[in-house]
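Per-entry structural report
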Amino acid sequence: MKRYEMNRQKEGSITYFFIRDIETWDIVLLPTKYLMHMTKAKCSPNTVRRSGCSILYYLEYIEEKEKKLTDVYEMSFDEQTKYFVEFLYWLKAGNHTSDKMNILPNNGTCNAYLKDVFRFYVFIEEEFSQFGGLKVLSYSQFTAVDSVGLKKTIRSRSFKGYLKEEEHKARTAKKDEIIEILKACTNIRDRLLILLLAETGYRIGEILGINYMNDIDYSNQVIRVYFREDNENGARAKNAEYRSAKISADTFQFLNCYIAEYRKILQHQSYLFVNISGRTVGNPLTVDAVYAMLKRMEKKTGIKITPHMLRHYFGNERRKAGWALELIQIAYGHRHIQTTINYLDIVDDELLEASQEFYKKNTALYGIDELL
């Protein structure tokens, strides 16, 4: 039987998470204090919840080991390394869940859980200096001098025990699949949601946070996303950014039809996407409700589509249309160009063809014929 559980409590628009000992019903102070810190630091509720789950699993692990959170500080470097590597394999074996029928986590997921735990320990060390630091997280550092003579210290974490991660690339939704899903939808709201995901490249949290009164430029057919912390459904833009996207004339007409059809529901609040039936009619649509809808569509059509797959579709279609990589990066809201590249279906054959075309146009690139 599991010893700990994570609970949440909502105060206004803010969700607080805390970890409780099931046996004593006491709140476990250090992890709860860390989750509170994350909330105050404006981390998204999903990020806080994920970190809470990681720490929850770790607490179960150290319970089995009959250890306390801070016992690890007394271990040697080798002992700490072994301790955390064993945690990774404990996760890999599915010991963190009571449902053994679940699919076991991949290596990347296990590593992500451990990284969350390490961030928690860094928080402990900042709050309570008497513990020092984890030896497996001690900094490897060297000092370099830049071009203008300024010294810069470069640090890197030294833990080398992470599991080798499998190469993973999310599948891109195909146009014919999107059309089949659109046909299978039973209402105009769901169809509009899928169309906007495919045409804007926005994340699902960004789409669900759209305010139809303030975020839509109806004269120019442009939809904007803003970072807000007080969305009733917990939706929020990532990286506290602002972006805008123009939609097609057909989808814009679809948007107007949706607003006209559900105007009696929409007029009582400002969210574009709301529940259109049941006891919660008029409430903002949630991420869980969207995934449940797409799961129903999968059962009807045999086609799996997720918001992330539609986001991939957006970028790949723009690249085929000749958009520069930097434009796609801006549209996605990515901070790093490599993240954008990871979204695109660039294959080796395409790179080879591009190289071949380049050399056809630049045959005398180095004047090699004069060297022979």
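Note that the structure is predicted; figures quoted are calculated from it, not measured.

Digging into the overall build of the chain
Along the backbone of the chain there are 14 helices and 7 strands. Per-residue burial for the chain yields a buried fraction of 42% across its 372 residues. Partitioning the contacts of the chain with sequence separation of at least 6, the portion at a separation of at least 24 is 55%. Counting only carbon and sulfur atoms, one obtains 52% of the accessible surface of the chain, whose full area is about 22000 Å².

A look at the sheet that holds strand S7 (residues 243-246)
Reading across the sheet, the 3 strands line up as S5-S6-S7 and stay open at both edges, with antiparallel pairing between neighbours. With partners counted over all chains shown, the strands left at the sheet margins are strand S5 (216-217) and S7, one partner each. As defined by bridge partners, S5 adjoins strand S6 (residues 222-225) across 2 bridges and the pair is classed as antiparallel. By the bridge assignment for S6, Asp217 is matched with Val222.

Examining the side chain of Asn275
Looking at where Asn275 falls in the secondary structure, it is placed in the loop between helix H9 (263-266) and helix H10 (287-301). Among the residues examined, Asn275 registers a relative accessible area of 15% and is labelled buried. At 2.9 Å, the side chain of Asn275 forms a polar contact with the side chain of Thr280. Discounting residues that sit within four places of it in the chain, Asn275 has contacts with Arg189, Ile265, Thr280, Val281, Gly282, Asn283, Pro284 and Leu285.

Parameters and conventions
- Residues numbered from 1 in each chain as written.
- Predicted model: local features only at pLDDT ≥ 70, side-chain atom pairs only at ≥ 80, totals over all residues.
- Heavy atoms only, no water.
- Helix = DSSP H or I, 4+ residues; strand = E, 2+ residues; numbered from the N terminus.
- Buried < 20%, exposed > 50% of the residue type's maximum accessible area, 1.4 Å probe, protein only.
- Contact = heavy atoms within 4.5 Å.
- Areas by Shrake-Rupley, 256 points an atom, 1.4 Å probe, with all protein chains shown as cover.
- Pairing = 2+ DSSP bridges.
- Polar contact = N/O pair within 3.5 Å; in protein donor to acceptor, adjacent residues only side chain to side chain.

That's the geometry; what it means functionally is another story.
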